[in-house]
Amino acid sequence: MTYLASKIFGFLVTPSNLVATICLIGVVLSLTRWRRAGVRVGAAGILLLLVCGYSPLGNVLLLTLSERFPAWQENGRAPDGIIVLGGAINPDLTAVRGAPEMNSSAERMTAAAVLARRFPNARIVLSGGNANPFHPLSTEAEVGRKFLEDLGVADDRIVMEGRSRTTYENAEFTRPLIHPAAGERWLLVTSAYHMPRAMGVFRAQGFNVEAYPVDWRTRGWIDAKRPFLTLSGGLGRLDTAVHEWVGLVGYRLAGRTSEWFPAP
């Protein structure tokens, strides 16, 4: 129930939904005896819509997250294992279509394939269940294993953690599954903007992993000055950034991390 409540809350607090709600309230009020108030609320909603959709606000908030952890450096020592967090695969759609169906975070899986080839002795841990509580046809870990096997990664190198539905559960279930030994080097692969929260929860579980950010979404701070050309593009970027910031704050308040804004 807590999981469902968090998903509902996350849906309600997205900027695009909030702005749409303000505009709708304005329209409804304008049809009543509070017409003047409705016009003002509607005008405010439209102004917010334009600012959120066309300004670089979404990029600024996302860059603050994604630039927190730099690209990984090998430093001459190969990793012992690679942990790939879920979020790149749609398991339900995959089950229906019969082929791996990925979303805008597909770089998590493509990076896993590249790293598996680059470090042939490293174990590959796929951490991801199915976030759909109503139709859990398969898990991200299962689909990810099939994807890597099709690319030539040996099955005995792949470890599946298919219970997790959240970032916290990724860390909670992965550590006892693989029992990392002292001195081992483990990489954590996830989207760059998601890396601060992911590193925070793994550290809280006593698992000292190294950040391997992918799926950057931006070219760097140069994009902090670039407005969006489409309303949907800016709103989508802002939704992603706000979702992650809310997650960071929520995890800290819930005691799931010990840092407000984890850093290298």
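About the cut-offs
Residues numbered from 1 in each chain as written. Predicted model: local features only at pLDDT ≥ 70, side-chain atom pairs only at ≥ 80, totals over all residues. Heavy atoms only, no water. Helix = DSSP H or I, 4+ residues; strand = E, 2+ residues; numbered from the N terminus. Rg over C-alpha atoms; globule rule 2.2 N^0.38 Å. Buried < 20%, exposed > 50% of the residue type's maximum accessible area, 1.4 Å probe, protein only. Contact = heavy atoms within 4.5 Å. Areas by Shrake-Rupley, 256 points an atom, 1.4 Å probe, with all protein chains shown as cover. UniProt positions renumbered as here; feature names shortened; annotations may be inferred. Expected span 1.5 Å × (residues − 1). Arc of directions from axis to C-beta. Disulfide = S-S within 2.5 Å. Pairing = 2+ DSSP bridges. Axes fitted to C-alpha atoms, helices over the stretch in contact; angles between N-to-C directions. 1 Å grid on protein atoms, 1.4 Å probe; cavity = no way out; pocket = protein on both sides within 12 Å on 5 of 7 lines; lining within 4 Å. Points joined across faces, edges and corners; volume = space filled by probe spheres on them. Nonpolar A, V, L, I, M, F, W, Y, C, P; charged D, E, K, R; others polar. Core = buried A, V, L, I, M, F, W, Y, C linked by side-chain atoms within 4.5 Å. Salt bridge = Lys/Arg side-chain N within 4 Å of Asp/Glu carboxyl O. Polar contact = N/O pair within 3.5 Å; in protein donor to acceptor, adjacent residues only side chain to side chain.

1. Quick notes on the overall build of the chain
Now for step 1: Counting its secondary structure elements, the chain contains 10 helices and 5 strands.
Now for step 2: In terms of C-alpha radius of gyration, the chain reaches 20 Å, essentially the compact-globule figure of 18 Å for 264 residues.
Now for step 3: Each of the three principal axes of the chain carries a C-alpha extent, and together these read 70 × 40 × 35 Å.
Now for step 4: Relative to its 264 residues, the chain shows a buried fraction of 44%.
Now for step 5: For the chain, the share of sequence-separated contacts (at least 6 apart) that also reach a separation of at least 24 residues comes to 73%.
Now for step 6: Just so you have it, the chain exposes about 13700 Å², and 60% of that area is on carbon and sulfur atoms.

2. Details of the UniProt feature "transmembrane region" (unreviewed entry) in the chain
Now for step 1: Mapped onto this numbering, the UniProt entry gives "transmembrane region" (unreviewed entry) at residues 12–31 and 43–65.
Now for step 2: Secondary structure content for residues 43–65 is 91% helix and 0% strand, while the C-alpha to C-alpha distance between its ends is 31 Å.

3. Some details on helix α3 (residues 35–54)
Now for step 1: End to end, α3 covers 28 Å across 20 residues, agreeing with the expected 28 Å (1.5 Å per residue, within 8%).
Now for step 2: When we look at burial in α3, the residues that qualify are Gly 38, Gly 42, Gly 45, Cys 52 and Gly 53. What you see down the axis of α3 is that its buried residues fit within an arc of 95°, all on one side. Away from the buried face of α3 by more than 90 degrees, exposed residues Arg 36, Arg 40 and Leu 47 are located.

4. Some words on the state of the cysteines
Now for step 1: One pass over the structure, following the stated rule, counts 0 disulfides.
Now for step 2: Looking at Cys 23, it has no disulfide partner, and the nearest cysteine sulfur is the one in Cys 52, 10 Å off.
Now for step 3: Assessed through its relative accessible area of 18%, Cys 23 is described here as buried.
Now for step 4: The exposure class of Cys 52 is buried, given its relative accessible area of 10%.

5. Regarding the sheet that holds strand β2 (residues 123–127)
Now for step 1: If you trace the 5 strands from one edge of the open sheet to the other, you get β3-β2-β1-β4-β5, paired in parallel fashion. Looking at the sheet topology across the chains shown, the edges are occupied by β3 (158–161) and β5 (210–214). The mean inter-strand angle of the sheet, taken between neighbouring strand axes irrespective of direction, is 20°.
Now for step 2: Pairing of strand β4 (residues 186–191) with β5, which is carried by 5 bridges, proceeds in the parallel orientation. Within the sheet, the bridge partner assigned to Thr 190 lies in β5 and is Pro 213.
Now for step 3: Each of β2 and β3 touches helix α7 (residues 140–150); the most contacted strand, β3, lies at about 160° to it.

6. Looking at empty space enclosed by the protein
Now for step 1: This structure, assessed with the given rule, holds 1 cavity of 30 Å³ or more.
Now for step 2: The space that makes up the largest cavity amounts to roughly 60 Å³.
Now for step 3: Where the lining of the largest cavity is concerned, the elements lending two or more residues are β1 (81–85), β2 and α7.
Now for step 4: Broken down by element, the lining of the largest cavity gets its largest block of residues, 3 residues, from α7.
Now for step 5: Of the residues that constitute the lining of the largest cavity, the class distribution is 7 nonpolar, 5 polar and 1 charged.

7. Here's the deal with the nonpolar core
Across soluble globular proteins, nonpolar side chains show a tendency to be buried alongside one another.
Now for step 1: If you look at the biggest cluster of nonpolar residues, it comprises 25 residues, and the most contacted ones within it are Ile 82, Val 84, Met 109, Leu 126, Leu 148, Val 189 and Tyr 212.
Now for step 2: For this core, the element with the most residues is helix α6 (residues 107–118), which contributes 6 residues.
Now for step 3: Beyond its immediate sequence surroundings of up to four residues, Leu 148 is in contact with Met 109, Ala 112, Ala 113, Ile 124, Leu 126, Val 153 and Ile 158.
Now for step 4: The next biggest cluster of nonpolar side chains, apart from the first, holds 18 residues, and it includes Phe 69, Ala 198, Val 201 and Tyr 251.

8. Observations concerning the pattern of salt bridges
Now for step 1: Evaluated as defined, the whole model comprises 10 salt bridges.
Now for step 2: Linking Arg 185 and Glu 210 is a salt bridge whose minimum nitrogen-to-oxygen distance equals 2.7 Å. Placement of Arg 185 in the loop between α8 (167–178) and β4 and of Glu 210 in strand β5 is noted, with a sequence separation of 25 residues between them.
Now for step 3: Classification of Glu 210 by relative accessible area gives partly exposed; the value is 26%.
Now for step 4: With its nearest N and O atoms 2.6 Å apart, the salt bridge here joins Asp 223 to Arg 219.

9. Remarks on the side chain of Ser 191
Now for step 1: As for its placement among the helices and strands, Ser 191 is situated in strand β4.
Now for step 2: One polar contact links Ser 191 to Asp 215, side chain to side chain, over a distance of 2.6 Å.
Now for step 3: Setting aside anything within four residues of it in sequence, one finds Ser 191 in contact with Ser 105, Arg 108, Val 214 and Asp 215.

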